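Listed below, chain by chain, are the residues.
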Amino acid sequence: MGILEVKNVNKRFGGLQALGDVNLSVAENTVHAIIGPNGAGKSTLLNCLVGKLIPDTGSVMFDGQSVLGRSPYEINQMGISRVFQTPEIFGDLTVMENMMIPCFAKRDGAFELNALNSVGNQKDIIERAEHMLEDMNMADKRHMHAASMSRGDKRRLEIGMCLSQEPRLLLLDEPTAGMARADTNNTIDLLKQIKQERDITIAIIEHDMHVVFSLAERITVLAQGTPLVEDTPDKIKGHPKVREAYLGESA
Amino acid sequence: MFGLQKKDTTLLLVVAALALFAPFLLNPFPEGSAMAQFNAGYPDLMQRFVIFGIFAVGFNILFGLTGYLSFGHAAFLGVGSYSAVWMFKLLGYNVIPGIILSVIVAGLFSVVIGYVSLRRSGIYFSILTLAFAQMSYNMAYSVLGNPTSNFNLTNGETGLQVYTSDPQILASAGAPDLPHLFGLTMRSSYQLELGSWLFTFNAGYYLCAVLLLVSFYVAIRIFRSPFGLMLRAVKSNQQRMNYTGLNTRPYTLAAFVISGMYAGLAGGLLSTMDPLAGAERMQWTASGEVVLMTILGGAGTLIGPVLGAGFIKYFENIFSKINEGVLHAWFGFLPDGLENGVIWVVEHFVGPGWHLTLGLLFMLVVTFLPGGLVEGGQKIAALLSRRKSKDTDNRATQSTPAE
Amino acid sequence: MDAIILQILNGLDKGSAYALIALGLTLIFGTLGVVNFAHGALFMIGAFCAVSMQRLLNLSYITLDETQKDFLGNPLKVKTPYVESWFGPDMGAAIIDWSVPLAILLAIPVMIVVGIVMERGLIKHFYKRPHADQILVTFGLAIVLQEIIKHYYGANPIPTPAPDAFKGSFDFGVMLGFDPNAIIYPYWRMVYFAFAVVIIGAVFAFLQFTTFGMVVRAGMADRETVGLLGININRRFTLMFALAAAVAGMAGVMYTPINSPNYHMGMDFLVLSFVVVVVGGMGSLPGAVLAGFMLGILEAFASMNQIKSILPGIDQIIIYLVAIVILLTRPRGLMGRKGVMEE
């Protein structure tokens, strides 16, 4: 039984079958990549996992509990954190403040009317956020305006924010899209390091084969809204169906 | 001090000093001098400064922190006013119950309006709050204000006021027939004559000023709290909020209700200073005015709304007083033709033309100074300090060889 | 049954005004992405075009009639409008009588100029600014326009009657086979409704059958693509704004015989028109028109004495109540599409 179990999920948009009978099982403490050509339904699938979309039929279970019908914040509180294709951070706030917010969410839950205490007195939160910034090698940037950072740093911050919540499942949506090679490699190293240091399951949607084959332990290939094969990276590389459906056109 | 950081304590003390010494500071010109018309140190106007200061400080908690632009906050001001007058009618002229009830009722009212309006954001939210405020205005003006019906809550066009036939069950025999605080009437003033200067210290003003300081202090605490951080996060990126396990709706609703209660307090104080509540306080223009005060001063800053409220109320007062005669006195030194030309132009903007000035001010501030006076001040300060540091640099380089 | 028809008819004129303003708001919002709080002011300026036309046509010169004396024994002063001396007394009087419809001729160029100046001078600088800034700056503009009108035309409503031919009412009920006097309907309201139908039809035809309209519709469906269509997009935006201004202005001109224009009529209508847009579904033109008429008619029903005796004052708040209910049950409005204005 995987930590994330997707069973018979279907999703239609008008006449378009975006997802058809998707079954997927992500084992705990693995890095599982979902790849596929454009329009294969990767993003739709991801949105079904985090509560942005509700599938027409089927079930999505996280750690034995259904996520369907829950809103994104509830699913996050269950232990799923999401990293976006374009980094979603609090651009108007400082890096430190960015890092404190998920720490508050972890400690106080979805809502807490903590209106008369000073942020400066929240020693545990500050400590935790500072620790996380050091882990991310960003301690020197703590007073920076988040919006003014480079894209690579924004990505790093976003991943750090997600990790500070100690999620059990980290979802990454094309985390290196639009990045220069050096930034991409940095991100790969960061993710490798995270995997080594923590008990965490990572599901990654990716276009870039270099990233996929550097990180993934299992790969699911999605084509036209349906999983084609699921296997280890080595087997996927040589799989004829995959070559035909996906690698063939890009290799 | 007071659980605040040093910078904020200083700010609070500055505001406290300004409020305390306002009767002096706002009356810099001697009585009877030509400049006396620019004095603002009389009770009625000073009361308005602080009352609208409270209103704007509260509005800023919603708009400045979360970015939700409400166009209906005048409704809460009006509800607060009506509540206070009802307390005067039912219980008596002591202001305490009136002020407390105005905050509570405005709070309840804003829970209902906020709960519905906050289901949408952006423009939808602005329009919804505007619609609610107009609806409240219509209800106050006609629906609930029919003097002949049994259910006359607002007394319609005439405005709600206290009549001798009202019960006033808590009124003791010797109590004043005016709003008072345990016998001290709001109108009572102490006048101090120093040479040709006249300073007025008014009980009502000081009550309002104390409440402004309390409001301002609470606002600082909110700004610096985790709650305040969450509100700024809502403004910055709601998507990230949701995917960080935070439910934005109760946060925005709490901000909405808090700012509604501030508005209710301001409304209650308006009635306390003058126990007559009319529906026009709820009109969209009144809602627009508090928006302007906040952005003019600087939305999202602590001191901005107080400055904005003072600025607008001061110039409203000055501009409304100016008439043709005053203009002729001012521009009399110009040649006749030019004098008339200038007066013809200026006349549009003063007296009843104050609203035109207000509208233009609105456009200019939004277009050129979206950060308001505070940002403008910071820019000027930055410019000056850069020049100063350049000066000291020059001096440093010059002085080295001399030694 | 006749009572129901009467109320539907009573709602048509206000509904027409709501629909026309909401249509312009939606056009501007859909193409330019701007929330125009000054749109009500455009409606008001249109109405004052009718006032101006009336005054223009009544401009007179004064002659002394020596044969008649006034009470001081001086020769009587006789005012003769210029149009009467130019076109003869009968024709001149007829022209003055028709000043409201004729004001359309004045309103179209005036509104187009106002629209172009407004868009080029102000709105265009706010395309990339947050919606809150757009709301605030157009709100300020609305106050300015309103105050200027107030300064020059005064605060009181100015009567602008319909042409004699359309004064009074007719018995609509008899035509439908009801009892006489069951449905009495003023002529001008019928005219206003017909006028609104023509304008709305023209706008839709324009959008449907011209290249320009095609671009506009493409833009409303997906704002990104408007930019891709490239050339002269700025000029199209300006024209779009001028068109919306002209529609609002004409709606204002023709509305004057129903309610005498005053300086705050724009804001009164704007708030309700925004509610109409929201109920219809932001960005949906048919939604704006449908919701405009629907809410106008609903308001008329709520003003019936039978209803008011049960729920006093319901006519004042019915539109807001309906809007709230619709937004709670159908957050996108009646005909709103997914993805339009959802942040």
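These numbers were taken from a predicted model, which means no experiment stands behind them.

Parameters and conventions
- Residues numbered from 1 in each chain as written.
- Chains lettered and ligands numbered in written order.
- Predicted model: local features only at pLDDT ≥ 70, side-chain atom pairs only at ≥ 80, totals over all residues.
- Helix = DSSP H or I, 4+ residues; strand = E, 2+ residues; numbered from the N terminus.
- Rg over C-alpha atoms; globule rule 2.2 N^0.38 Å.
- Buried ≥ 20, exposed ≤ 12 C-beta atoms within 10 Å, placed from the backbone.
- Contact = placed C-beta atoms within 7 Å.
- UniProt positions renumbered as here; feature names shortened; annotations may be inferred.
- pLDDT = per-residue confidence, 0-100.
- Nonpolar A, V, L, I, M, F, W, Y, C, P; charged D, E, K, R; others polar.
- Expected span 1.5 Å × (residues − 1).
- Arc of directions from axis to C-beta.
- Axes fitted to C-alpha atoms, helices over the stretch in contact; angles between N-to-C directions.
- Parallel < 35°, antiparallel > 145°, perpendicular 65-115°, else oblique.
- Left-handed = near helix turned anticlockwise from the far one by under 90°.
- Pairing = 2+ DSSP bridges.
- Core = buried A, V, L, I, M, F, W, Y, C linked by C-beta atoms within 7 Å.
- Domains from an automatic or database assignment.

## A word on the overall build of chain B
Here is step 1 of the chain: Scanning chain B for helices and strands turns up 16 helices and 6 strands.
Here is step 2 of the chain: Relative to the compact-globule value of 22 Å for 403 residues, chain B shows a C-alpha radius of gyration of 24 Å, a close match.
Here is step 3 of the chain: Overall, the C-alpha framework of chain B stretches about 90 × 65 × 45 Å when taken along its three principal axes.
Here is step 4 of the chain: Going through the 403 residues of chain B one by one, you find that 49% of them count as buried.
Here is step 5 of the chain: Partitioning the contacts of chain B with sequence separation of at least 6, the portion at a separation of at least 24 is 72%.

## Points about the overall build of chain C
Here is step 1 of the chain: Summing up its helical and strand segments, chain C has 15 helices and 4 strands in all.
Here is step 2 of the chain: Dimensions of chain C along its principal axes, counting C-alpha atoms only, are 75 × 55 × 35 Å.
Here is step 3 of the chain: Across the 343 residues that make up chain C, the buried fraction comes to 47%.
Here is step 4 of the chain: A fraction of 74% describes how many contacts in chain C between residues 6 or more apart in sequence connect residues 24 or more apart.

## Quick look at the environment of B:Phe227
Here is step 1 of the chain: Positionally, B:Phe227 belongs in helix α8 (residues 226-236).
Here is step 2 of the chain: Contacts of B:Phe227, omitting those with residues within four sequence positions, involve A:Leu113, A:Asn114, A:Ala115 and B:Ile222.

## Points about the UniProt feature "transmembrane region" (unreviewed entry) in chain B
All names here are of chain B.
Here is step 1 of the chain: With numbering aligned to this structure, UniProt lists the feature "transmembrane region" (unreviewed entry) at residues 46-63, 94-116, 123-144, 203-223, 250-270, 290-315, 327-346 and 352-374.
Here is step 2 of the chain: For the annotated span residues 94-116, helix accounts for 96% and strand for 0% of the residues, and the straight-line distance between the end C-alpha atoms is 35 Å.
Here is step 3 of the chain: With 100% helix and 0% strand, residues 250-270 has end C-alpha atoms that lie 30 Å from one another.

## A closer look at the confidence of the model for chain B
Here is step 1 of the chain: Overall, the predicted model of chain B reaches an average pLDDT of 87, with 96% of residues at or above 70.
Here is step 2 of the chain: Low pLDDT (under 50) marks residues 395-403 of chain B, which in the prediction has 0 contacts with non-local residues, meaning those over four places away or in another chain.

## Comments concerning the UniProt feature "transmembrane region" (unreviewed entry) in chain C
Residue and element names in this part refer to chain C.
Here is step 1 of the chain: Residues given the UniProt feature "transmembrane region" (unreviewed entry) here are residues 16-35, 42-64, 98-123, 190-216, 237-258, 270-298 and 310-329.
Here is step 2 of the chain: The span residues 190-216 is 96% helix and 0% strand, and its two end C-alpha atoms sit 31 Å from each other.
Here is step 3 of the chain: Spanning residues 310-329, this segment combines 85% helix with 0% strand, and its end C-alpha atoms are found 26 Å apart.

## Remarks on the interface of chain C and chain B
Accessible area lost when the parts come together is the quantity often used to give the size of an interface.
Here is step 1 of the chain: Taken residue by residue, the interface counts 33 residues in chain C and 38 residues in chain B.
Here is step 2 of the chain: Where the side of chain C that touches chain B is concerned, the elements lending two or more residues are α6 (131-153), α12 (265-280) and α15 (314-329) of chain C.
Here is step 3 of the chain: Each residue belonging to the side of chain C that touches chain B can be placed in one class, and the counts come to 24 nonpolar, 6 polar and 3 charged.

## As for helix α4 (residues 123-135) of chain A
Residues and elements named next belong to chain A.
Here is step 1 of the chain: Taking 1.5 Å per residue as the helical rise, α4 with its 13 residues ought to reach 18 Å, and the 18 Å between its terminal C-alpha atoms agrees with that figure.
Here is step 2 of the chain: Within the span of α4, buried status applies to Ile-125, Ala-129, Met-132 and Leu-133. Projected down its long axis, α4 shows its buried positions confined to an angular sector of 100°, all on one face. Of the residues in α4, the exposed ones pointing more than 90 degrees away from the buried face are Lys-123, Asp-124 and Glu-127.
Here is step 3 of the chain: Contact partners of the buried residues in α4: α3 (95-108) and α5 (151-164).
Here is step 4 of the chain: With its phi angle positive at about 60°, Asn-137 sits one or two positions after the end of α4.

## Brief notes about the packing of helix α2 (residues 39-57) of chain C against helix α11 (residues 233-255) of chain C
Residues and elements named next belong to chain C.
Here is step 1 of the chain: Viewed as axis vectors pointing N to C, α2 and α11 meet at an angle of 50°, and their least axial separation amounts to 6 Å. In terms of axis orientation, α2 runs oblique to α11. In the packing of α2 onto α11, the handedness of the crossing is right-handed. Across from His-39, Leu-42, Phe-43, Met-44, Ile-45, Gly-46, Ala-47, Cys-49 and Ala-50 in α2, the residues of α11 making contact are Ala-245, Ala-248, Gly-249, Met-250, Ala-251, Gly-252, Val-253 and Tyr-255.

## Quick word on the sheet that holds strand β4 (residues 57-62) of chain A
Residue and element names in this part refer to chain A.
Here is step 1 of the chain: Overall, antiparallel pairing links the 4 strands, which are arranged β2-β1-β4-β5 in an open sheet. The outermost strands of the open sheet, each flanked by one partner alone, are β2 (16-26) and β5 (65-66).
Here is step 2 of the chain: Bridge count between β4 and β5: 2 bridges; the pairing is antiparallel. If you follow Phe-62 over to β5, its bridge partner there is Gln-65.
Here is step 3 of the chain: Helix-sheet contacts for helix α1 (residues 42-50) involve β1 (4-13), β2 and β4, and the interaxial angle to β2 is about 60°.

## A few points about the interface of chain A and chain B
Here is step 1 of the chain: Contact with chain A, which involves 31 residues of that partner, is made by 25 residues of chain B.
Here is step 2 of the chain: Those elements that place two or more of their residues in the side of chain A that touches chain B are α2 (72-78) and α3 of chain A.
Here is step 3 of the chain: Broken down by element, the side of chain A that touches chain B gets its largest block of residues, 6 residues, from α3(A).
Here is step 4 of the chain: Its residues assigned to classes, the side of chain A that touches chain B comprises 18 nonpolar, 9 polar and 4 charged.

## Describing the sheet that holds strand β10 (residues 226-231) of chain A
Residues and elements named next belong to chain A.
Here is step 1 of the chain: In spatial order, the strands read β6-β7-β8-β3-β9-β10; together these 6 strands make up an open sheet with mixed pairing. Taken across any chain shown, the strands that pair with only one partner, and hence form the sheet edges, are β6 (80-83) and β10. Taken pair by pair, the neighbouring strands of this sheet meet at an average axis angle of 20°, ignoring direction.
Here is step 2 of the chain: As judged from the 4 bridges shared by strand β3 (residues 31-35) and strand β8 (residues 201-205), these two strands associate in the parallel manner. The residue of β8 that forms the bridge with Ala-33 is Ile-204.

## Details of the environment of B:Leu302
Here is step 1 of the chain: Position of B:Leu302 relative to the elements: it lies in the loop between α11 (284-297) and α12 (304-321).
Here is step 2 of the chain: Along the chain, B:Leu302 and B:Asp8 lie 294 residues apart, while their C-alpha atoms are 9.1 Å from each other.

## Observations regarding the arrangement of the chains
Here is step 1 of the chain: The structure contains 2 pairs of chains in contact, of which chains B and C account for the largest number of contacts.
Here is step 2 of the chain: Left apart from each other, chain A and chain C have a closest C-alpha approach of 12 Å.

## A closer look at the packing of α11(B) against α12(B)
Residue and element names in this part refer to chain B.
Here is step 1 of the chain: Contact geometry for α11 and α12: axes closest at 7 Å, N-to-C directions at 120°. Put simply, α11 runs oblique to α12. Crossing geometry of α11 relative to α12 is assigned as right-handed. In contact with Glu-289, Leu-292, Met-293, Thr-294, Leu-296 and Gly-297 of α11, α12 contributes Gly-304, Pro-305, Val-306, Leu-307, Gly-308, Ala-309, Phe-311 and Ile-312.
Here is step 2 of the chain: Its residues assigned to classes, the contact of α11 with α12 comprises 9 nonpolar, 4 polar and 1 charged.

## Some words on the nonpolar core
Here is step 1 of the chain: The biggest cluster of nonpolar side chains holds 288 residues, and the ones touching the most others in it are B:Phe55, B:Ala266, C:Leu23 and C:Val275.
Here is step 2 of the chain: Considering each element in turn, this core owes the most residues, 15 residues, to α11(C).
Here is step 3 of the chain: Residues lining this core come from more than one domain, with at least three contributed by each of domain 1 (1-79 + 167-251) and domain 2 (89-165) of chain A.
Here is step 4 of the chain: The residues touching C:Leu23, leaving out its near neighbours within four places in the chain, are C:Ile200, C:Val203, C:Val247, C:Leu285, C:Ala288 and C:Val289.

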